[in-house]
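Examination of the molecular architecture
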There are 4 protein chains.
Amino acid sequence: MTASYFADIPKVEFKGPDSEDPFSYRYYDRSQIVLGKTMEEHLRFAVCYWHTFCWDGFDVFGAGTFNRPWHAGDLDQAAAERKLDEAFAFFTRLGVPYFCFHDVDVMAAAETPADHVRHLSAIVDKIADKMAETGVNLLWGTANVFSHPRYMAGGATNPDPDVAAFAALQVAHAMEATHKLNGENYVLWGGREGYDCLLNTDMRRELDQLGRFLTMVVEHKHKIGFEGTILIEPKPHEPTKHQYDTDVATVYGFLKRYGLENEVRVNIEANHATLAGHSFEHEIALASDLGIFGSVDMNRGDPQNGWDTDQFPNDLREITLALYYILKSGGFTTGGFNFDAKVRRQSIDAEDLFHGHIGAIDLTARAFLNAAAMLEDNVISQFVEDRYAGWKTGIGAQMLGRDASLADVAAYAVDQNIQPALKSGRQEWLENYLTRHVK
Amino acid sequence: MTASYFADIPKVEFKGPDSEDPFSYRYYDRSQIVLGKTMEEHLRFAVCYWHTFCWDGFDVFGAGTFNRPWHAGDLDQAAAERKLDEAFAFFTRLGVPYFCFHDVDVMAAAETPADHVRHLSAIVDKIADKMAETGVNLLWGTANVFSHPRYMAGGATNPDPDVAAFAALQVAHAMEATHKLNGENYVLWGGREGYDCLLNTDMRRELDQLGRFLTMVVEHKHKIGFEGTILIEPKPHEPTKHQYDTDVATVYGFLKRYGLENEVRVNIEANHATLAGHSFEHEIALASDLGIFGSVDMNRGDPQNGWDTDQFPNDLREITLALYYILKSGGFTTGGFNFDAKVRRQSIDAEDLFHGHIGAIDLTARAFLNAAAMLEDNVISQFVEDRYAGWKTGIGAQMLGRDASLADVAAYAVDQNIQPALKSGRQEWLENYLTRHVK
Amino acid sequence: MTASYFADIPKVEFKGPDSEDPFSYRYYDRSQIVLGKTMEEHLRFAVCYWHTFCWDGFDVFGAGTFNRPWHAGDLDQAAAERKLDEAFAFFTRLGVPYFCFHDVDVMAAAETPADHVRHLSAIVDKIADKMAETGVNLLWGTANVFSHPRYMAGGATNPDPDVAAFAALQVAHAMEATHKLNGENYVLWGGREGYDCLLNTDMRRELDQLGRFLTMVVEHKHKIGFEGTILIEPKPHEPTKHQYDTDVATVYGFLKRYGLENEVRVNIEANHATLAGHSFEHEIALASDLGIFGSVDMNRGDPQNGWDTDQFPNDLREITLALYYILKSGGFTTGGFNFDAKVRRQSIDAEDLFHGHIGAIDLTARAFLNAAAMLEDNVISQFVEDRYAGWKTGIGAQMLGRDASLADVAAYAVDQNIQPALKSGRQEWLENYLTRHVK
Amino acid sequence: MTASYFADIPKVEFKGPDSEDPFSYRYYDRSQIVLGKTMEEHLRFAVCYWHTFCWDGFDVFGAGTFNRPWHAGDLDQAAAERKLDEAFAFFTRLGVPYFCFHDVDVMAAAETPADHVRHLSAIVDKIADKMAETGVNLLWGTANVFSHPRYMAGGATNPDPDVAAFAALQVAHAMEATHKLNGENYVLWGGREGYDCLLNTDMRRELDQLGRFLTMVVEHKHKIGFEGTILIEPKPHEPTKHQYDTDVATVYGFLKRYGLENEVRVNIEANHATLAGHSFEHEIALASDLGIFGSVDMNRGDPQNGWDTDQFPNDLREITLALYYILKSGGFTTGGFNFDAKVRRQSIDAEDLFHGHIGAIDLTARAFLNAAAMLEDNVISQFVEDRYAGWKTGIGAQMLGRDASLADVAAYAVDQNIQPALKSGRQEWLENYLTRHVK
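Rules used throughout
- Residues numbered from 1 in each chain as written.
- Chains lettered and ligands numbered in written order.
- Predicted model: local features only at pLDDT ≥ 70, side-chain atom pairs only at ≥ 80, totals over all residues.
- Heavy atoms only, no water.
- Pairing = 2+ DSSP bridges.
- Helix = DSSP H or I, 4+ residues; strand = E, 2+ residues; numbered from the N terminus.
- Axes fitted to C-alpha atoms, helices over the stretch in contact; angles between N-to-C directions.
- Contact = heavy atoms within 4.5 Å.
- Parallel < 35°, antiparallel > 145°, perpendicular 65-115°, else oblique.
- Left-handed = near helix turned anticlockwise from the far one by under 90°.
- Nonpolar A, V, L, I, M, F, W, Y, C, P; charged D, E, K, R; others polar.
- Domains from an automatic or database assignment.
- Buried area = accessible area lost by both parts, 1.4 Å probe.
- Salt bridge = Lys/Arg side-chain N within 4 Å of Asp/Glu carboxyl O.
- Polar contact = N/O pair within 3.5 Å; in protein donor to acceptor, adjacent residues only side chain to side chain.

A short note on the sheet that holds strand S12 (residues 264-269) of chain B
Residue and element names in this part refer to chain B. An order of S5-S6-S7-S8-S10-S12-S13-S14 is seen for the eight strands of this closed barrel, with the pairing classed as parallel. With direction set aside, neighbouring strand axes in the sheet form an average angle of 30°. Bridge count between S12 and strand S13 (residues 293-297): four bridges; the pairing is parallel. Bridge assignment links asparagine 267 to a residue of S13, and that residue is serine 295. Sheet contacts for helix H8 (residues 248-257): strand S10 (229-232) and S12; angle to S12, the most-contacted strand, approximately 165°.

Here it is as structure tokens:
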């Protein structure tokens, strides 16, 4: 085997907050115990295969800039294996416990159904070996049913059922591969499950196709004995004009419509949240409140750009809030933090891949420590608890307990001649409290 | 009684497309039969009381500019009646069949529960007289539970149950007034049902409060024998940072969560749709596909401004599409087109109120004729029908009919060695077709 | 030569508004005289080479879908010639008088400076032949100094002056080619002249580099005797986070800073205008008011998507307004309407290229007829003239004529005890007027 | 005199980072010397009169919530003085060195020109006394020429020159008051200098009116001997659809057009920057690079809301970057940090005004310390310096020095057969560096 592309990069170790070494962690001390578990157990970091090992730096306006050695030549089994070697070299140097992949990220290129099955199977064995050798685990697997031209009008929602059949083939085998590799979740992102043009689209029919497809996926999970979590990843648009799994609230309604709300959870991406007009923490808190929080794709957009920039997180306040709501909801079960992020197109060197991931991991760890402190001192929760205390007794409790009708409550208002006193929401005081903990 | 503010404005009549009279309709011929009904029956136009008779032209950066005579002095019963006279003078000159109101729009100001009930009751009798006298009907009534300072932290979702009780009082009486006035719908817009700051908010609790409140409203409807439709009006934010009834998909999920999807429908506003990141026609089509389409607030935003500008519609293509999807879903039952629109702050004259409404009514009528023609020639529907034809037989039908599992479909893909051929979506051809019908 | 890809498509002819033939023009009657000139002379339509002949349908999330025959194999001189044949087959069938190109669109691929010069030169001779043979002319040429990896950090603004030198080479030769082909304009779009990250950027230095580069370009124009117009195309971002030529107002300030406001004009793109937060007509009117209006890229974005979708125009109201402001400013001199638009990724057939262009041409012609009618009846201009009439005499004239100081005007206000009366801006009446003319 | 509204709030003192007292500063130690000056001298904090003492908590959807005692009754001289007392009670308890005001914020209401002059004059004497008594100084004064209905169509750009004359009266007297009170700057925000509707607007004429008005203002400054800086505050829109002073680049072009670029600078507001599609730091860096940086309004928007929310800053990373670019450009001369921010409508108590300002002041001080450390260790500047080093010699220097023409540079490219090597932009490494300094 040739020397690794990453041969010059040392293994990244925790060296404490004062470390001057850009290839060290300052906050991510994986074995540190916080709130009863190690940081590694809490944060469950994963590297994504596609942006880091498959993307060559191209964008809509220009060609690839990265010149990774494994991108040269055709994507056959040998090339797939070379890429796999480098990926695990990266994972182990970085010291993350997990990775994630799409079927087509890891395998040799295939056009026919039979080749697809064969090529995926061939690489899964190699992946299993690598995992055993390194101890790196699989957070989740998924199938790419959006990049191939056949999916230009969608996978499950395609007007041509044969395309949906190809998607079913990919999903069935990707889930089986995930199961074989002991993956902890299986993700579906419907990048082309939506429309470019409402005029040529039967939205009701496509929603039913998608509902049926997801039901088949859930049934397959039980049939093969996969015990991981099925996750949907919301996004409002791009590449489509409109994507059906727009945001957490939309996915919740979709799951309720097809009776799947106890079978499927969400994988929330920060960049998708903000493209949908929500804050990242809103989507996490809402998913938690609706009982469908699953996992996180930890990559940000640019506040001034209206597309998916997939950048590594760098906003400590935002990520502190995200962690606060995750911890408040009990933390991850099968989920984790996947960095679904790309280094910038000008960041062409091997070391840039490390800077991107190290910065993101360390920021998340720092945010986690902030959030844990906020959780422990309980100031926000107590404030909120007190603020709604009135609902525990009297007319509030009667309303919620179905003991009072609208007419009863209206009568109460008149009888008591109520004149509710205004009470400050203390937003600035709470924001100052948060600011103080962003450190 | 003093002479009407609108005394100089003639009754607006249909004069045909070549009319040069700005106070005439060129397309809205109320008695013209199209698709089996009169235009009046199809379009069910309503004027909103609040923007047209209550707003004085203020904005956040400046004071009112309109100097309407009925705005002078205190809002007592006499002032409320003066305003009512002018409102009906306007409705009748304009020739619309419906109007809409919030409780506080029409009544004398009140601070206590008892005064609220009494003042509302006093004006409802006058409204009933006016309606009988003019033949103008009530499309919907609603309660304003967002403007008074007591609602600064929400109505149903307020941390103080007494505020929710005041809201219940208002809603109960507003619905009863609507019932008494033979209103065809009752609307709830939760303008402050959301949050300004997630930190001081218990979102799960507030959603439950809102779900319970809406359930009480539905129960009250049945109790009093009101047979109109209960409608929720989605909006993503403003004045709140986040409003719970964000968009059609979110409202659908909310209704499903609280078991109300067969009891409540949506009142879709164009401006709220675009603020939520959706096209107006998307929200209409989606509501129709989910079975919750109810009524429409026909006011646009400005494509370059990120707040609710509430302008009269002027985009013939957009409104043609809106009408197309409304007609395709069978048209209105109890709903209609309410112009929830404001003349601009510089449009200070009585005649500007007419220009705004005449333009909007005529544009909608013109769009309706366009849409009816598209519906009749059936080109789009046929194209869509053909496009998905493959799903009616074979593997498509088996998937949808639950006769094939994921494994079955995957096996089919391999066995048949499927290679789906790409087929053009013909977006440009369809858009040209539409353009041709926008006339 | 093999049969043309477009062999089955007839030449597109004007057949009048009632034509049912999707391959005909309904409004674009090139020889019809309006306002003293033919429609062809007014509208000066051009097809862009890149989107129509170079793009294969790929996007960031998926591979190309189009399978154009000329995309197979390497881009050598033979392939470039095959593409050229097809391009001119398209131009002539469509019946447009102009086309536009980037250097790399038309030529065989080249890596070295010498090859670049040689390959460009080789194809320019062929283009000249084709132009002579068909009568199709060149609206503008340009150099692509953004797609090659060398330009990842910009062309003229690159931190490496050798990259700027390569850009200079491309621009010098592209301008000379344009001159040789009697092109009427030369365009610069600085797609990577901006920054991805302010932290690694010396913005002042980059602006100076860009100012100097543009000055060299202007000097070169005069040196070689090219009499066309130099045009800058504004865009706010994408692919960069921030592009220096953000919008018309920014370009104006840039030109003033480097003393080039009489040498360079703007090429305004609708999609870039809206991405910058402006209406299309605003950018046209502003450029006209600042004296730098040049030419137009006629492609729209999607109102709900925050990136450059480059769609064919389909909004008759928007384009009517655009035409109105263009005609009001005197119309094009050297500029024209370039359709810098892509068919959608699902529109894979030869005929879709025609539907896109035919729809756009016809919409523009229809908008032109609307705008000409508005110009001729003079209602808007007269309203505006009257509205500002007060400034022609008295204190208004004194202020503008520098005959009154601030103190003089303040004294006038007190002395005259002025109480300016409010006067309606009549926005709704004007919008109704416009709506009536959008037909 | 009655007891102050703020009687229960202690004077806010610096107590160090570990202070648990929410009415203390943790970072703002006004006399601490950093980079050769005290923090007070660097940061020059100012409180704005309008949001804090004039706004009653109303928004477009609801009435005022604050019930400040000085809002009761008519705004006569006595009320204006009561408000003034409270304002200075607030300034001194907070311990800021500056305040800012509009004419109408501080004075008794006036309708006629003569009353305006008289009422302003009456309060200015009282302000002078308060300033002398407390040592609080005036950062800047301004005139409100947007709130009164007469300004509904603009001040300087109004179609009625008498309105411009009233604006001239207000500006002349506001500037004289500022001069009398030793204000250090005079600001113009053209809140209605733009358009609601392009159709009724003569943009070229309005720009000329605005250019002439600004010239009169500059001439008046010199005439009265005011030595402060004239500042324009950019904003893209709201309340207008389009505001002429859109952003820094637009203002620069405007100043160049009217020859005022050496007389006028910009007052940059964070919320206006982001509404215009720019980052806050971009606007600061650009103003500095163009030589027109003046002062700052330190208030943020909400990333998910498209209007001016005027919130207190709370994003340490953003403010650290802002401070970095301010310090890099040499820091403030006459400018400073004005908190043009409102407490939220639910934050109704006296103490909330303190929480808002204390949080903002402390955040800015903390960001300042971060930025000073970054400036001192010079890592970013050195990286940037090295990145562009190639332009100091060879072909780069020749281009910039006007020693090489486009043809020369093109010839160099061919002769040298240049193949520029790609070099990483190191964005992630730089962002990690920044993250580390955000503490």
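The discussion continues.
Comments concerning the packing of helix H7 (residues 203-224) of chain C against helix H10 (residues 280-290) of chain D
Orientation of H7(C) relative to H10(D), taken along the N-to-C sense of each, is 60°, at an axis distance of 9 Å. Taken together, the axis directions place H7(C) and H10(D) in an arrangement best described as oblique. In the packing of H7(C) onto H10(D), the handedness of the crossing is right-handed. For the pair H7(C) and H10(D), contact is made by Met203(C), Arg204(C) and Leu207(C) and by His282(D), Ala285(D), Leu286(D), Ser288(D) and Asp289(D), respectively. Here the contact of H7(C) with H10(D) is built from residues that sort into four nonpolar, two polar and two charged.

Describing the domain arrangement of chain A
Residues and elements named next belong to chain A. The assigned domain composition of chain A is domain 1 (30-377) and domain 2 (382-437). In this structure, domain 1 and domain 2 have C-alpha centres spaced 40 Å apart. Taken residue by residue, the interface counts seven residues in domain 1 and five residues in domain 2. Considering only the side of domain 1, the residues that lose the most area to domain 2 are Arg317, Met374 and Asp377, jointly responsible for 74% of the buried surface there. Connecting domain 1 to domain 2 are zero salt bridges. For the pair domain 1 and domain 2, the number of links is five residue pairs in polar contact (both at pLDDT 80 or more). Elements with a contribution of two residues or more to the side of domain 1 that touches domain 2: helix H11 (316-328) and helix H12 (350-377). The element that contributes the greatest number of residues to the side of domain 1 that touches domain 2 is H12, accounting for four residues.

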